[in-house]
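Structural overview for review
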Protein chains: 2
Amino acid sequence: MPETARPDHRYGNRPTMKDVAARAGVGLKTVSRVVNGEPGVTPDTERRVQEAIDALGFRRNDSARVLRKGRTASIGLVLEDLADPFYGPLSRAVEEVARAHGALLINGSSAEDPDREQELALALCARRVDGLVVIPAGDDHRYLEPEIKAGVATVFVDRPAGKIDADVVLSDSFGGARDGVAHLIAHGHRRIGFIGDQPRIHTAAERLRGYRAAMAEADLPVHDSWVSLGSTAPDRVRTAADAILSGPEPVTAIFAGNNRVTVTVVRVLADLDRPVALVGFDDFELADLLRPGVTVVAQDAAQLGRTAAERLFHRLDGAPGNPQRIELPTRLITRGSGELPPAD
Amino acid sequence: MPETARPDHRYGNRPTMKDVAARAGVGLKTVSRVVNGEPGVTPDTERRVQEAIDALGFRRNDSARVLRKGRTASIGLVLEDLADPFYGPLSRAVEEVARAHGALLINGSSAEDPDREQELALALCARRVDGLVVIPAGDDHRYLEPEIKAGVATVFVDRPAGKIDADVVLSDSFGGARDGVAHLIAHGHRRIGFIGDQPRIHTAAERLRGYRAAMAEADLPVHDSWVSLGSTAPDRVRTAADAILSGPEPVTAIFAGNNRVTVTVVRVLADLDRPVALVGFDDFELADLLRPGVTVVAQDAAQLGRTAAERLFHRLDGAPGNPQRIELPTRLITRGSGELPPAD
């Protein structure tokens, strides 16, 4: 059978085989025969059924069909950036859970592009994944509703789904950032900078909120010049750090919004003539071997992936209930950079 | 017909719809109807055609069909380890080339398991990728021959294909390791250890060969106790390093066979009371910020991915000619750890 076309009415209710049978004026078994390419249907009937399928935009649940036919089950993982080491342990954890369930994991990366995310997620569905774990780049996931209705279990991880109600597994970005900044304040810092990812990214916004909360709880002002949000490209981060560290009121400490930001800030501080305290969100390899060791707010990337994947297979196994929001705690790991006193 | 849309004919011997029609004793259009699931064929005829298809091993070129239907083109990437940072830039480079060609990249990981690699590669083919970039875990890729004959372009990267003739893009593991070990010898070392990955892995064997070549060229003996091959799991590497660094004739320098080994050896040396020189194969993030900086034999992982992906799209565009073996040079980057003199 050729693939039936992707339904054009994305947000409506999904037509069933019953609807097709009713419209074509045939029995359910006949529709099933046509849909599954089984013999025993006259050309006339097949044409009538096909016309009903086209008119209604009916789409066979390929996943179930794949499983019925005993082909390898698979789940898809939509990543944000293939080269961000944070997603390595997350991906591998999802893969290990998939393997434990006898399923293959197929990945793709949105490269932080919402259109790319949608194209990729739908392409994975068209390639018959049984479920999807999505690290969203966009904030509108209504495009997935037809797939979810068609039986493609979907769990979001690291960032929440947008405009649809779905299972999501997150780290406590707000609480983690607040704790990390409070740690710097506890070590005597009053002028603390925040360098983060694009504000439209949920985790970046939450961590900024945590930074502001910690500053407010200590009755400390936040100068606009201390906060810099944008790309995590090394050049952008370097420029931001240089600006925050110079100017009329240079900061004595920096909170870095994620591991990509932290490693560049570490480079900037290594060239500096005075000690500047640093706490970074996300742990990273070798952070403990740097001098000073880098104090971080660690997320458990593997646990995020494991939890999301297990949630997905619960759904695939028919677990009932409304979508859940699972939030995992973060952990402050002190290694030296976050315990440096203010230089002045 | 799909066949004409794709560069399959460089292989030639693939059964065509004509063959199926002849064997089934029906017309070409009838075969086409069955193959494409179009109406207008009686169950009897359909069964006869299906029998001919099975007997001849005819396989519709699904990729071309997908492209004809205007669905997203895609290529598959079979990785070895999702959590090895070496593959991050490689994957992203493959993805950027795919995107430049309007294709999606779909990844999966073999987790260094040959059966898993085969299962994954075939699953990606079954999901209609137009081409495959494979970082092989196994050494027998004959299982891919039917797919390649069916028009799925395939390029191997990082490690060569086994038992089939295919395009492959490699780094010069032998030459790079030889240069790295010669560098340690040039700095006065005579007792140099080698800690590498499993010897069945092509790159591990080539790097060991390079180590032995450099030692032989300097007329230096290699004691069995100086060479340790196996898993790159931290515990295994730590045990191997401890053994090589103790015993009757402890080494004064270590050559680490890849980045996973290097980062663990760096940890072992950091706890040591005497300086031991280290050169690692593969560069890694922050290597320059460690004290001492870690001297490495760097491969250009992004260039490996880019070259392999471009080769793949050349093939998909119908580039003729026999499979090529492309070998990229490595680069020695001196940062301090490889320039330490012998401790004794």
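The model shown is predicted, which means the values in this text are computed figures rather than measured ones. (Residues numbered from 1 in each chain as written. Chains lettered and ligands numbered in written order. Predicted model: local features only at pLDDT ≥ 70, side-chain atom pairs only at ≥ 80, totals over all residues. Heavy atoms only, no water.)

Taken together, the 51 residues of chain A in the interface contact 53 residues of chain B. For the pairing of chain A and chain B, the buried interface totals around 4,600 Å² over both sides, and the portion due to carbon and sulfur atoms is 54%. If you look at where chain A meets chain B, you find 6 salt bridges. Glu285(B) is the salt-bridge partner of Arg260(A), the closest N and O atoms lying 3.0 Å from each other. Counting every contact that joins chain A to chain B gives 14 residue pairs in polar contact (both at pLDDT 80 or more). Listed by contribution, the elements that provide at least two residues to the side of chain A that touches chain B are α3 (43–56), β1 (73–79), α5 (87–100), β2 (103–109), α6 (114–126) and α11 (259–270) of chain A. (Contact = heavy atoms within 4.5 Å. Buried area = accessible area lost by both parts, 1.4 Å probe. Salt bridge = Lys/Arg side-chain N within 4 Å of Asp/Glu carboxyl O. Polar contact = N/O pair within 3.5 Å; in protein donor to acceptor, adjacent residues only side chain to side chain. Helix = DSSP H or I, 4+ residues; strand = E, 2+ residues; numbered from the N terminus.)

Within the largest apolar cluster, 90 residues are counted, with the highest numbers of intra-cluster contacts made by Ile195(A), Tyr211(A), Ile195(B) and Tyr211(B). The residues contacting Ile195(B), other than those within four sequence positions of it, are Ser228(B), Arg236(B), Val237(B), Ala240(B), Ala241(B), Ile244(B), Ile254(B), Phe255(B), Ala256(B), Gly257(B), Val261(B) and Val265(B). Grouped together as the second largest cluster of nonpolar side chains are 53 residues, Leu328(A), Tyr87(B), Leu304(B) and Leu312(B) included. (Core = buried A, V, L, I, M, F, W, Y, C linked by side-chain atoms within 4.5 Å. Buried < 20%, exposed > 50% of the residue type's maximum accessible area, 1.4 Å probe, protein only.)

With the exception of glycine, the majority of residues adopt a negative phi angle, and the majority of peptide bonds are in the trans configuration. Residues and elements named next belong to chain A. Between Arg291 and the following residue, Pro292, the backbone shows a cis peptide bond with an omega angle of -5°. Within the chain, Asp282 stands out as a residue other than glycine whose phi angle is a positive 90°. Here Asp282 lies in the loop between β9 (277–281) and β10 (295–298). Looking at Asp282, the relative accessible area reads 3%, which means it is buried.

Let's shift gears to the sheet that holds strand β7 (residues 227–229) of chain A. All names here are of chain A. If you trace the 6 strands from one edge of the open sheet to the other, you get β7-β6-β8-β9-β10-β12, paired in mixed fashion. For this open sheet the edge positions go to β7 and β12 (331–333), each flanked by a neighbour on one side alone. Taken over all neighbouring pairs, the strand axes of this sheet differ in orientation by 15° on average, direction set aside. Note that β9 and β10 share 3 bridges and pair parallel. Residue Phe281 lies in a different strand from β10, and its bridge partner there is Val297. (Pairing = 2+ DSSP bridges. Axes fitted to C-alpha atoms, helices over the stretch in contact; angles between N-to-C directions.)

Take the pattern of salt bridges next. Taken as a whole, this structure holds 33 salt bridges over all chains when the rule is applied. Its salt-bridge partner being Asp84(A), residue Arg260(A) comes within 4.0 Å of it at the nearest N-O pair. Taken together, the residues span a long stretch of sequence, with Arg260(A) in helix α11 and Asp84(A) in the loop between β1 and α5 at a distance of 176 residues. By relative accessible area, Arg260(A) is classed as buried at 16%. Asp140(B) is the partner of Arg142(B) in a salt bridge, and the nearest nitrogen-oxygen pair spans 2.5 Å.

Residue and element names in this part refer to chain B. Judged by pairing direction, the sheet is mixed, and its 6 strands sit side by side in the order β7-β6-β8-β9-β10-β12 without closing on themselves. Taken across any chain shown, the strands that pair with only one partner, and hence form the sheet edges, are β7 (227–229) and β12 (331–333). Put simply, the sheet's adjacent strands are angled 15° from each other on average, direction ignored. Strands in contact with helix α10 (residues 202–217) are β6 (192–196), β7 and β9 (277–281); relative to β6, the strand with the most contacts, it is inclined by about 170°.

This next bit is on the side chain of Asp282(A). Residues and elements named next belong to chain A. The side chain of Asp282 is buried and forms no salt bridge, while Arg207, the nearest opposite charge, is found at 4.2 Å. Within polar-contact distance, the side chain of Asp282 engages the side chain of Gln299 at 2.6 Å. If we ignore the near neighbours within four places in the chain, the residues touching Asp282 are Phe86, Arg207, Asn258, Asn259, Val296, Val297 and Gln299. (Lys, Arg positive; Asp, Glu negative; His and termini not counted.)

Before going further, it helps to spend a moment on the domain arrangement of chain A. By the assigned domains, chain A splits into domain 1 (17–60), domain 2 (73–171 + 302–328) and domain 3 (173–300). Spacing between the C-alpha centres of domain 1 of chain A and domain 2 of chain A amounts to 32 Å. (Domains from an automatic or database assignment.)

So, about the pairing of β1(A). All names here are of chain A. For β1, a buried count of 7 out of 7 residues is recorded, marking the element as mostly surrounded by other parts of the structure. On β1, burial covers both faces: Ala73, Ile75, Leu77 and Leu79 on one face and Ser74, Gly76 and Val78 on the other are all buried. In this view, the connection linking β1 to its parallel neighbour β2 by way of α5 has right-handed handedness. As judged from the 4 bridges shared by β1 and strand β3 (residues 131–134), these two strands associate in the parallel manner. Note that in β3 the partner of Gly76 across the bridge is Leu132. (Right-handed = clockwise from strand over helix to strand, strands pointing away.)

Our focus in this paragraph is the relation of the copies chain A and chain B. Note on the identical chains: chain A maps onto chain B by a rotation of 180° and an axial translation of 0.0 Å, with an RMSD of 0.7 Å. Put plainly, the chains are arranged around a two-fold axis. Of all interface residues in chain A, 94% are interface residues in chain B too; the two copies therefore contact each other through one and the same surface. (Least-squares fit on C-alpha atoms with pLDDT ≥ 70 in both.)

This brings us to the packing of aromatic side chains. Taken as a whole and assessed by the stated rule, the structure comprises 6 aromatic pairs over all chains. Each ring, one from Phe194(A) and one from Tyr211(A), has its centre 5.3 Å from the other, and the planes form 40°; the classification is tilted. Of this pair, Phe194(A) sits in strand β6 (residues 192–196) while Tyr211(A) sits in helix α9 (residues 202–217), placing them 17 residues apart in sequence. A relative accessible area of 1% places Phe194(A) in the buried class. Assessed through its relative accessible area of 0%, Tyr211(A) is described here as buried. For the ring pair Phe194(B) and Phe255(B), a centre distance of 6.0 Å and an interplane angle of 15° mean the geometry is stacked. (Phe/Tyr/Trp six-rings, centres within 6.5 Å; stacked < 30°, edge-to-face > 60°.)

Residue and element names in this part refer to chain A. Examined against the element boundaries, Ser228 turns out to sit in strand β7. For Ser228, the contacting residues outside a window of four places in its chain are Phe194, Ile195, Gly196, Arg236, Ala240 and Ile244. Side chain to side chain, Ser228 and Arg236 meet in a polar contact 2.6 Å long.

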